[in-house]
Amino acid sequence: MTTNALWYLARGTGVVTLVLFSVVVALGIATRSARPLFGLPRFAVVAVHRGASLLALVFLGIHVGTMLLDPVAPLKLIDVLVPFAGPYRPFWLGMGTLAAELLVAVIVTSLLRQRIGFRVWRFVHWAAYVSWPVAVVHGLGTGTDNGTVWLWLITAGCVGMVVACVMWRLSTGFAARPSLVGAQ
Amino acid sequence: MRLHIDWTACDGRGACVELMPEVLDQDPWGYPIPKDGTRQPTVPPETMPYARKAVAYCPRLALRLLPPAA
Amino acid sequence: MTTLTRQSLLTEPAAPLPVLANGQLIGLLREAGLTGHGGAGFPTWRKLTAVAAGSRAVVIGNGAEGEPASAKDKTLLTRAPHLVLDGLQLAATAVDASDCYLYLPAALVNHVRHAIATRRDHRPVTVVTAPDTFVAGEESAVIAGIGGARPLPTDKRKLVVEAGLRGRPTLVQNVETLAHMAMIARHGPAWFRRHGTEAEPGTFLATVGGAVAAPGVHEVPYGIQLTDLLDLAGGPATRLSAVLVGGYHGTWLPRTDVPMSRTGLAPYGATPGAGVVHALPASYCGLMETARITGYLANQSARQCGPCRFGLPAMADSLHRLAAGERNRDLPRQVVALTGLVTNRGACHHPDGTVRLVRSALTVFADEIGRHLAGRCSTMEER
């Protein structure tokens, strides 16, 4: 594979990862709402949330892997393991590493949740709300120096969707429970 | 196998009721009602795959599967 | 026969506590036929045997007495704390427990701590303060509270006698049961069986309250007629409409010529429970009183479990409306539906106990319901 192709694959999978990750966050909020979503029953919302997060992980893996393999790309192993430690654009790259590591922690604890118990699982899961914005910043910061329009648009769409979901999450009607109507 | 509901964890999210309608009904506030009236309803063998899914998917980890009563 | 011919539970013991050999206490308790006095009435020797089978056991004396209508444990701990402490040591020896706890309401802690300070017990006793809530005395709530967590009922994964406090075999015993243990150790099973019935031997502490001339705590034999028990408390102060037996999780009885024993009360769906008897005067509306108690019980829910958290207030609401005179024929049906809905669901038996009370009210006060739906109440006709 030519290094150009590797580079485009790396960038492309990065964008896909961000989009998938944003959908996962939205689905996580939808799961918490305990309501069906666009015709999907509740258990399916959970299932798609889980499936999409694994898919996002796959694309994240390709994103990071291609950059490690690319001889021209300035990604070193240290960048993948330790945030903000590498020599090339340490801040923006470091954000990516941080987001990725938090996401991996969230996913691994979720796969092991029956073993580690609810409290530990939930504590780590909150890290998703840190990981996602960090990933967005990473994408905007490292997404080539000329910042193409489509990257901006996609990012704006993801951010808009997640912000709308979070506002819904914080609204008073979110946790509403169906209740027995008094007198018939 | 029997289904054990940790009521202190259950929040009436409803995924289990969807996956096991033969075993569970739902009350007006979203919480599961064992159809056989027992505290730990028996899960018939054909429903077991769905029971396992329900246990895995419960957002509050409120479900466990127990061996049949001795 | 209501007068006791032997030393009462409510006085400090005169005789010293004998030293019992390993396993001896359990044998004595089995012969005596002692059952638990916290409400459930489980054979005490069986519980001790189960806990003794494990290792590193723990003994907990439960004096939390969350039931507002009950005063027996407070009275016992105030008048004869050493009897309870004796029982605690005996039980600990029987199950080879190194740690003992007493779970008590704040008002009793100092008094009991003073009593402990005057003793030279083999096993140390730690007094832990129980909150003043209804569910505080529930077995798993007691263990949670002593363990440092919130004093609320927990999910039942293992039997407490196998794994309770910090995963250790745990014996939770009502303080009155411990007192009976200490008496049986001193005087023997035959002495214990002198009162009560063949199937339900011994005595119990009854808290008699409500419309009686002299409310208070009395030690009485199992099988005593409810009429005689009420007489011990000065007799009914006025005409009664019903008597609540077994406390807030108990049963309304429409008559008093009933023996206070499991077999005697069974036909009415009642049990002696923790010995609480509350006389309702005819000037009080039974429905209103039931609605009031149900509202209290709903408020006292730990609010951990959906059926209790939502079902009990809904039940109380419908009962209040019925009691207040709302002429809605659907209200009784709503109450009945809710009783079925909350039974057997939840981490503890708070909803089930409440349902027992409500169902007995629907039976005993059936006429009253009819009157209310017709816009009347029996108390209106009282004056």
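Residue positions are given per chain, counting from 1 as you read along its sequence in written order. The lettering of chains begins at A and the numbering of ligands begins at 1, in the order of writing. pLDDT decides what is reported in this predicted model: residues at 70 or higher carry local features, side-chain atom pairs at 80 or more are listed and counted, and totals for whole chains, interfaces and linings draw on all residues regardless.

Across its full length, chain A carries eight helices and zero strands. Helix numbers and strand numbers start at the N terminus; a helix is a DSSP run of H or I with at least 4 residues, a strand a run of E with at least 2. When the helices and strands of chain A are placed in sequence order, the string is α-α-α-α-α-α-α-α. If one aligns the C-alpha atoms of chain A with their principal axes, the spans along those axes are about 75 × 40 × 25 Å. Across the 184 residues in chain A, those meeting the buried criterion constitute 28%. Residues are treated as contacting if the C-beta atoms built from their backbones sit within 7 Å of each other. The contacts of chain A with a sequence gap of at least 6 include a subset with a gap of at least 24, amounting to 64%. Exposed residues have 12 or fewer other C-beta atoms within 10 Å of their own C-beta, buried residues have 20 or more, and residues in between are partly exposed; the C-beta atoms are placed from the backbone.

Here we come to the overall build of chain B. When you go through chain B residue by residue, the secondary structure sums to two helices and four strands. Listing each helix as α and each strand as β along chain B from the N terminus yields β-α-β-β-α-β. By the compact-globule yardstick of 11 Å for 70 residues, chain B fits well, its C-alpha radius of gyration being 11 Å. If one aligns the C-alpha atoms of chain B with their principal axes, the spans along those axes are about 30 × 25 × 20 Å. Residue burial in chain B is summarised as follows: out of 70 residues, 40% are buried. Within chain B, contacts between residues at least 6 apart in sequence are counted, and of these 60% link residues at least 24 apart. Between the two quantities, the radius of gyration covers C-alpha atoms and the globule rule is 2.2 Å times the number of residues to the power 0.38.

Residues and elements named next belong to chain C. Each axis is a line fitted through C-alpha atoms, taken for helices only over the stretch in contact, and angles between the N-to-C directions span 0 to 180 degrees. At a closest axis distance of 8 Å, the pairing of helix α2 (residues 44-52) and helix α4 (residues 81-95) adopts a crossing angle of 50°. When the axis of α2 is compared with that of α4, the two are oblique. Here L48, V51 and A52 of α2 come into contact with α4, specifically with A91, A94 and V95. Under the convention adopted here, Pro, Cys and the residues Ala, Val, Leu, Ile, Met, Phe, Trp and Tyr are nonpolar, Asp, Glu, Lys and Arg are charged, and Gly plus all remaining residues are polar. In the contact of α2 with α4, the residues fall into six nonpolar, no polar and no charged. For this classification, under 35 degrees means roughly parallel, over 145 means roughly antiparallel, 65 to 115 means roughly perpendicular, and everything else is oblique.

Take the sheet that holds strand β4 (residues 170-174) of chain C next. All names here are of chain C. Two strands pair if DSSP finds at least two bridges between them. What the four strands build is an open sheet, ordered β3-β2-β1-β4; its pairing is parallel. Two strands lie at the open edges of the sheet, namely β3 (125-130) and β4, each paired on one side alone. Going from strand to strand, the sheet's axes swing by 20° on average, the running direction of each strand aside. Bridging between strand β2 (residues 97-105) and β3 involves six bridges; their strand directions are parallel. Within β3, the position partnered with Y103 by the bridge is V128. Across the sheet, α4 is in contact with β1 (57-62), β2, β3 and β4; its angle to β1 comes to roughly 160°. Taken strand by strand, helix α5 (residues 106-117) contacts β2 and β3, and its axis lies near 140° from that of β2.

So, on to the interface of chain B and chain A. By a widely used convention, the size of an interface equals the accessible area lost when the partners come together. Each side of the interface is counted separately: chain B has 14 residues, and chain A has 14 residues. The greatest single-element share of the side of chain B that touches chain A, amounting to three residues, is contributed by helix α1 (residues 15-19) of chain B. Here the residues of the side of chain B that touches chain A sort into eight nonpolar, three polar and three charged.

Residues and elements named next belong to chain A. Where helix α4 (residues 90-111) meets helix α6 (residues 118-125), the closest approach of the two axes is 9 Å, and the angle between their N-to-C directions is 160°. By the angle between their axes, α4 is roughly antiparallel relative to α6. Here α4 runs over α6; the crossing is left-handed. Contacts between α4 and α6 involve A105, V106, T109 and S110 from the first element and W121, V124 and H125 from the second. Among the residues making up the contact of α4 with α6, the classes are represented as four nonpolar, three polar and no charged. By definition, any crossing whose near helix is turned counterclockwise from its far helix by less than a right angle is left-handed, and any crossing with a clockwise turn is right-handed.

This brings us to the pairing of strand β5 (residues 203-210) of chain C. All names here are of chain C. With seven of eight residues buried, β5 lies mostly within the body of the structure. Sheet topology note: the β5/strand β6 (residues 216-221) ladder contains six bridges and is antiparallel. The residue of β6 that forms the bridge with L205 is E219. The turn linking β5 back onto β6 is made up of five residues. Pairing between β5 and strand β9 (residues 276-281): four bridges, direction parallel.

Residues of helix α3 (residues 72-79) of chain C that are buried: K72(C), D73(C), T75(C), L76(C) and L77(C). On its buried face, α3(C) is in contact with α4, β2, α5, α7 (175-187), β5 and β6 of chain C.

Generally speaking, nonpolar side chains in soluble globular proteins are found buried as a group. Counting 173 residues, the largest nonpolar core has V59(C), A91(C), V95(C) and L171(C) as the members making the most contacts within it. When neighbours within four sequence positions are excluded, V59(C) is seen to be in contact with L88(C), A91(C), A92(C), V95(C), A97(C), C100(C) and L171(C). Nonpolar core, as used here: buried Ala, Val, Leu, Ile, Met, Phe, Trp, Tyr and Cys residues forming one set through C-beta atoms within 7 Å.

In this section: the environment of L230(C). Residues and elements named next belong to chain C. Note that L230 resides in helix α9 (residues 226-232). Residue classification places L230 among the buried positions, given that 23 C-beta atoms sit within 10 Å. When the C-alpha atoms of L230 and L319 are compared, they prove to be 28 Å apart, with 89 residues separating the residues in sequence. Setting aside chain neighbours within four positions, we find L230 in contact with V208, V212, G235, P236, T256 and A279.

Quick look at the sheet that holds strand β7 (residues 240-245) of chain C now. Residues and elements named next belong to chain C. Strand order across the open sheet formed by five strands is β6-β5-β9-β7-β8, with mixed pairing between neighbours. For this open sheet the edge positions go to β6 and β8 (251-253), each flanked by a neighbour on one side alone. Each strand axis lies, on average, 30° off the axis of its neighbour in the sheet, ignoring direction. Sheet analysis places β7 next to β9, joined by five bridges and oriented antiparallel. Counterpart to L240 in the pairing with β9 is P281.

Right, let's talk about the confidence of the model for chain B for a bit. Residue-level confidence of the predictor is what pLDDT reports, using numbers from 0 through 100. Here chain B shows a mean pLDDT of 95. Residues at 70 or above account for 100%. Reported for the predicted complex are a pTM of 0.92 and an ipTM of 0.94.

Let us look at helix α12 (residues 306-324) of chain C. Residues and elements named next belong to chain C. How far a helix is expected to stretch is found by multiplying one less than its residue total by 1.5 Å. With 19 residues, α12 should reach 27 Å at 1.5 Å per residue; the first-to-last C-alpha distance of 27 Å fits that figure. Where burial is concerned, most of α12 is hidden: 14 out of the 19 residues are buried. Downstream of α12 by a residue or two, G325 has a phi angle that is positive, lying close to 105°.

Bringing unusual backbone geometry into the picture now. Not every positive phi belongs to a glycine, and A34(A) is a case in point at roughly 55°. The residue A34(A) is located in the loop between α1 (3-32) and α2 (42-69) in this model. Using a count of 20 C-beta atoms within 10 Å as the deciding quantity, one classes A34(A) as buried. Positive phi values are uncommon outside glycine, yet N344(C) reaches one of about 60°. Relative to the assigned elements, N344(C) resides in the loop between α13 (331-342) and α14 (350-364). Judged by the 17 C-beta atoms lying within 10 Å of it, N344(C) falls in the partly exposed class.

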